[in-house]
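# Descriptive structure summary
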Amino acid sequence: MGQETPATGTDLSGVAPRLRDLRRRGGLTLEAAARRLEMSPAHLSRLETGQRQPSLPLLLALARTYGTTVSDLLGETPPDRDQVIRAGQVEAAEAGGWIYRQAGGSRRAMQALRVHVPPEAQGDLVRTHVGEEWLYVLTGRLGLTLGGEEHVLGPGDAAHYDSLTPHRITAASAQGADLLFVHTLLRSHTGDLCLGGADRPIPQGAQRHTTLPEGGPHAE
């Protein structure tokens, strides 16, 4: 994991106290947090007291464990322009047949999107990954499979679930479905089932569909 190699070129002076505060806020002992990080309590203690500086890969692992972002660990302040998202500033993009627009700021621990799910798009793709998802149906009808249970959601219906539960999202109406979609950006080896790939903006009025390799975005 490159634990002993400092992240060169990056000011890590404020990371140590943040690591300690995040662990305590999460109700974790030094030993419990070290087990999650697969390191010794002594090594984690040295990170929390500033005797060791984490590498960038280790910073990512720490952020995952404590449910935050590397930017937050480094004390970076998100730009003010991300706090308000104007409709006219958001371009539609497509991934795996889904059309989506940004509905939240970047560099956050979760991502908010407005999504259009066309009929038959990704209908056979079951996903599982670390984190949580919340969705709210705006128009149309949405098919949602959670584990072995199947649901049909209409306008005004919502769902909030642990995304380690195998889940599948499909349009259940001929015109597709529009929804608000929020998910955490925690990563793990299982996240490859729904995260990654390359998105492409869609020119206004275009109805392009792209086929992404396995590991294409859930709705990102």
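Here the residue numbers are simple positions, counted from 1 along each chain's written sequence. Since the coordinates come from a predicted model, pLDDT governs what is reported: local features require at least 70, and pairs of side-chain atoms require 80 or more to be given and counted, while whole-chain, interface and lining totals use all residues. In computing side-chain properties, one takes all heavy atoms of the structure into account and sets aside hydrogens as well as water.

The next point concerns the environment of Leu146. Strands are runs of DSSP state E lasting at least 2 residues, helices are runs of H or I lasting at least 4, and numbering of each runs from the N terminus. Of note, Leu146 is situated in strand β5 (residues 142-146). For the pair Leu146 and Thr165, spaced 19 residues apart in sequence, the C-alpha separation works out to 6.3 Å. Those residues in contact with Leu146 that sit more than four places away from it in its chain are His151, Tyr161, Thr165, Pro166 and His167. Residue contacts are counted whenever heavy atoms from the two residues lie within 4.5 Å of one another.

Here we come to the pairing of strand β4 (residues 132-139). Two elements, β4 and strand β7 (residues 158-162), share five bridges in a ladder whose sense is antiparallel. Among the inter-strand pairings, Leu135 is bridged to a residue of β7, identified as Ala159. A pair of strands is treated as paired once DSSP finds two or more bridges between them. Sheet analysis places β4 next to strand β9 (residues 177-184), joined by six bridges and oriented antiparallel. Note that in β9 the partner of Leu135 across the bridge is Phe181.

Those residues of helix α4 (residues 56-66) that sit buried are Leu58, Leu59, Ala61, Leu62, Ala63 and Tyr66. Tucked inside the fold, the buried residues of α4 contact α1 (15-25), α2 (30-37), α3 (41-48) and α5 (70-73). Looking one or two residues beyond α4, the residue adopting positive phi is Gly67, at roughly 70°. When accessible area is computed with a 1.4 Å probe and restricted to protein chains, residues below 20% of their type maximum are described as buried, those above 50% as exposed, and intermediate ones as partly exposed.

Time to look at the packing of α1 against α4. Only the contacting stretch of a helix is used when fitting its axis, a line to C-alpha atoms as for every element, and angles between N-to-C directions run 0 to 180 degrees. Running from N to C, α1 and α4 point in directions that differ by 25°, and their axes come no closer than 10 Å. By the angle between their directions, the pair α1 and α4 is classed as roughly parallel. α4 is crossed by α1, and the crossing has left-handed handedness. Touching Val15, Leu19, Leu22 and Arg23 of α1 are Leu59, Leu62 and Tyr66, all from α4. Under the convention adopted here, Pro, Cys and the residues Ala, Val, Leu, Ile, Met, Phe, Trp and Tyr are nonpolar, Asp, Glu, Lys and Arg are charged, and Gly plus all remaining residues are polar. Residues that form the contact of α1 with α4 fall into these classes: six nonpolar, no polar and one charged. Here is the rule for angles: anything less than 35 degrees is roughly parallel, anything more than 145 is roughly antiparallel, 65 through 115 is roughly perpendicular, and the remaining ranges are oblique. Throughout, a crossing is termed right-handed when the near helix is turned clockwise from the far one, and left-handed when it is turned anticlockwise from it by less than a right angle.

A few words on the packing of aromatic side chains. Given two aromatic rings, their pairing is described by the distance between the two centres and the angle made by the two planes. Stacked, tilted and edge-to-face are the three classes applied to pairs of Phe, Tyr and Trp rings, where Trp contributes its six-membered ring and a pair requires centres within 6.5 Å; stacked means planes under 30 degrees apart, edge-to-face means over 60, and tilted covers the rest. Evaluated as defined, the whole model comprises one aromatic pair. For the ring pair Trp134 and Tyr136, a centre distance of 6.3 Å and an interplane angle of 20° mean the geometry is stacked. Residue classification places Trp134 among the partly exposed residues on the basis of a relative accessible area of 31%.

Counting buried residues along strand β8 (residues 167-171), four of its five residues qualify, which places the element largely inside the surrounding structure. Sheet topology places β5 next to β8; five bridges connect them, and they run antiparallel. Among the inter-strand pairings, Leu144 is bridged to a residue of β8, identified as Ile169.

Bringing the sheet that holds strand β6 (residues 149-153) into the picture now. In space, the three strands of this open sheet follow the order β6-β5-β8, with antiparallel pairing throughout. Each edge of the open sheet carries a strand with a single partner, namely β6 and β8. Each strand of the sheet is rotated relative to its neighbour by a mean of 15°, with strand direction disregarded.

What follows concerns the confidence of the model for the protein chain. Confidence scores per residue from the predictor, reported as pLDDT, run from 0 to 100. Across the protein chain, the average pLDDT comes to 75, with 73% of residues at or above 70. Under a pLDDT of 50 for its full length, residues 1-10 has, in the predicted model, 26 contacts with residues more than four places off or in other chains. Residue range residues 187-217 is modelled with pLDDT below 50. Its contacts to residues more than four positions away, or to other chains, number 58 contacts.

Positive phi values are uncommon outside glycine, yet Glu38 reaches one of about 60°. When you line up the elements, Glu38 lands in the loop between α2 and α3. Positive phi, normally seen in glycine, also occurs at Glu120, with a value near 70°. Examined against the element boundaries, Glu120 turns out to sit in the loop between β3 (110-117) and β4.

Right, let's get into the pattern of salt bridges. Put simply, a salt bridge is a Lys or Arg side-chain nitrogen that is within 4 Å of an Asp or Glu carboxyl oxygen. Under the criterion given, the structure shown has one salt bridge. Residues Glu48 and Arg23 are paired through a salt bridge, measuring 2.6 Å at the closest nitrogen-oxygen approach. Here Arg23 lies in helix α1 and Glu48 lies in helix α3, a separation of 25 residues in the sequence. Both residues of the pair, Glu48 and Arg23, count as buried.

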